[in-house]
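Structural description and commentary
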Amino acid sequence: MTTQLHKRCCPTFLKATSSSDLVPSTPPKVTPKVSAPEGWSPPTPKPLSTSKTQIPSLLTGSLSLALRLGSAVTVAGWSPKVGLSDPNVDEYSLKLGPLFLSDQSSLSPSVERGIKTPLILYEYEPSPFCKKVREILCFLDIPCEFRPCPRQKGFSDELFERTGRRTVPYLRDPNNEDPDFGMFESEDIIDYLLTRYGEGAEPNFSQRGNFATVTAGLSSVARGLAGGTLDKTARTDNNLMAPITLFGYEASPFVKPVREALCELGLAHVLIPCARGSSNRKVQMELTGRQFQVPFIVDPNTQVECFESNEIVKFLKEVYTI
């Protein structure tokens with residue numbers, strides 16, 4: 001299944017741009033040519049199903065989530081609704097026996113909060129400081145391009161050229177009035193995001209400070225520090241690839257393996273956050289014509305769309321390694 005994205009529904013902040021490039025914040029560049037493996041076809045989505053091979057990863061992903069006390073499972077202002085009928089055919093709802101569970105958020109859509117272009121975060125998966133920032137981005141439903149810097153590789157040289165440092169997390173905000181805006185330090189970044197885009201939202205005690213740092217570190221240990229080292233077989237030009245779009249959210253055990261693979265391959269990717277209550281769940285449904293499910297990637301380098309965590313990881317490793 002391949003598509004030209006300008007023929008499909010896309011996130012609101014992309015509609016004013018040529019959406020063949022999913023990251024309007026990124027300057028035009030010549031990207032290396034890659035293609036899907038010969039004979040490859042995307043798997044059929046299987047919502048709420050797992051395979052035996054996924055069980056170990058789901059267990060450690062669930063442990064990671066438990067250690068973080070479910071941080072960023074929902075967006076700010078989340079409220080659930082339970083009814084006996086499907087609330088709206090084109091909106092996300094989960095059927096539990098005779099009941100339908102739907103949810104929403106009082107948070108304004110990101111474009112109405114001045115986010116016309118995804119933010120940019122230099123980071124790497126197992127860093128507890130980066131994890132705190134990623135959780136707040138999901139909590140505030142903010143699209144963000146992640147540029148992995150595992151073990152000071154990947155996009156670390158780009159970061160050094162810009163700042164003279166290789167410290168992560170480092171946030172850039174193309175929506176800021178200052179074109180050179182950028183900042184280090186996780187707590188300062190969180191303060192900035194809450195002040196500028198939070199609409200008064202307050203994270204709970206588990207999302208900030210020393211408790212968050214320690215438990216985020218333990219959650220990464222539970223995952224074996226996956227995503228912390230650049231794959232030795234990763235293509236050396238992966239940092240030149242157009243960013244891959246990933247629909248998902250930080251807390252999801254199904255999304256974890258995909259995020260880890262993207263980091264280990266040094267691939268930039270735009271996360272469209274889809275925590276409970278996010279309006280981006282409806283966006284994904286309109287884009288795919290299917291019921292909501294994550295992870296879901298759109299790869300502009302190969303013109304491939306794909307569901308299913310294991311299959312996405314397999315696809316990425318076949319295309320972006322040597």
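To keep things clear, this report deals only with the structure shown in the data block. These figures come from a predicted structure and were not determined experimentally.

On to the packing of helix α1 (residues 55–67) against helix α5 (residues 209–222), then. It is at 8 Å that the axes of α1 and α5 come closest, and there the two elements cross at 175°. Classed by the angle they form, the pair α1 and α5 counts as roughly antiparallel. Contact residues: T60, L63, S64 and L67 in α1; T215, L218, S219 and A222 in α5. In terms of residue class, the contact of α1 with α5 is made up of 4 nonpolar, 4 polar and no charged.

So, on to the sheet that holds strand β3 (residues 99–105). In spatial order, the strands read β1-β3-β2; together these 3 strands make up an open sheet with antiparallel pairing. Strands with a single pairing partner mark the edges of an open sheet, and in this sheet they are β1 (78–83) and β2 (94–96). Neighbour to neighbour, the strand axes of the sheet diverge by 30° on average, direction disregarded. Bridge count for β2 against β3 is 3 bridges, and the pairing is antiparallel. If you follow L96 over to β3, its bridge partner there is L99.

With 14 residues, α5 should cover 20 Å at 1.5 Å per step; its first-to-last C-alpha distance of 20 Å lies within 8% of that length. The complete set of buried residues in α5 reads A212, T213, T215, A216, G217, S219, S220 and A222. Looking at the packing, one finds that the buried side of α5 touches α1 and α2 (128–139). Residue G224 follows α5 closely and has a positive phi angle near 70°.

What follows is about the pattern of salt bridges. This structure, assessed with the given rule, holds 21 salt bridges. For the salt bridge of D103 with R276, the shortest nitrogen-to-oxygen distance reads 2.7 Å. On the criterion of sequence distance, the pair formed by D103 in strand β3 and R276 in the loop between β9 (269–273) and α7 (280–288) is long-range, its members being 173 residues apart. R276 shares its class with D103; the two are buried. A salt bridge links E187 to R208; the nearest nitrogen and oxygen atoms lie 2.7 Å apart. Of this pair, E187 sits in helix α4 (residues 186–197) while R208 sits in the loop between α4 and α5; the two residues are 21 residues apart in sequence, bridging distant segments of the chain. On the basis of relative accessible area, E187 is assigned to the partly exposed category, the value being 23%. Classification of R208 as partly exposed rests on a relative accessible area of 24%. One continuous salt-bridge network, built from bridges that share partners, spans R68, E123, E125, K131, R134, E135, E250, K256 and R259.

According to the stated counting rule, one finds 8 aromatic pairs in the structure shown. Taken together, a centroid distance of 4.6 Å and an interplanar angle of 50° make the contact between Y170 and F184 tilted. Here the residue Y170 occupies a position in strand β6 (residues 170–172), and F184 occupies one in strand β7 (residues 182–184), the gap between them amounting to 14 residues. Ring geometry for F205 versus F211: centroids 5.3 Å apart, planes at 50°, classification tilted. Residue classification places F205 among the exposed residues on the basis of a relative accessible area of 59%. Looking at F211, the relative accessible area reads 35%, which means it is partly exposed. Seen from the ring of F184, R165 lies directly overhead, with NZ or CZ sitting 3.8 Å from the centre. Positioned above the aromatic ring of F160, the side-chain terminus of R166 is 4.7 Å from the ring centre.

Analysis parameters
- Residues numbered from 1 in each chain as written.
- Predicted model: local features only at pLDDT ≥ 70, side-chain atom pairs only at ≥ 80, totals over all residues.
- Heavy atoms only, no water.
- Axes fitted to C-alpha atoms, helices over the stretch in contact; angles between N-to-C directions.
- Helix = DSSP H or I, 4+ residues; strand = E, 2+ residues; numbered from the N terminus.
- Parallel < 35°, antiparallel > 145°, perpendicular 65-115°, else oblique.
- Contact = heavy atoms within 4.5 Å.
- Nonpolar A, V, L, I, M, F, W, Y, C, P; charged D, E, K, R; others polar.
- Pairing = 2+ DSSP bridges.
- Expected span 1.5 Å × (residues − 1).
- Buried < 20%, exposed > 50% of the residue type's maximum accessible area, 1.4 Å probe, protein only.
- Salt bridge = Lys/Arg side-chain N within 4 Å of Asp/Glu carboxyl O.
- Phe/Tyr/Trp six-rings, centres within 6.5 Å; stacked < 30°, edge-to-face > 60°.
- Lys NZ or Arg CZ within 6 Å of the ring centre and 35° of its normal.

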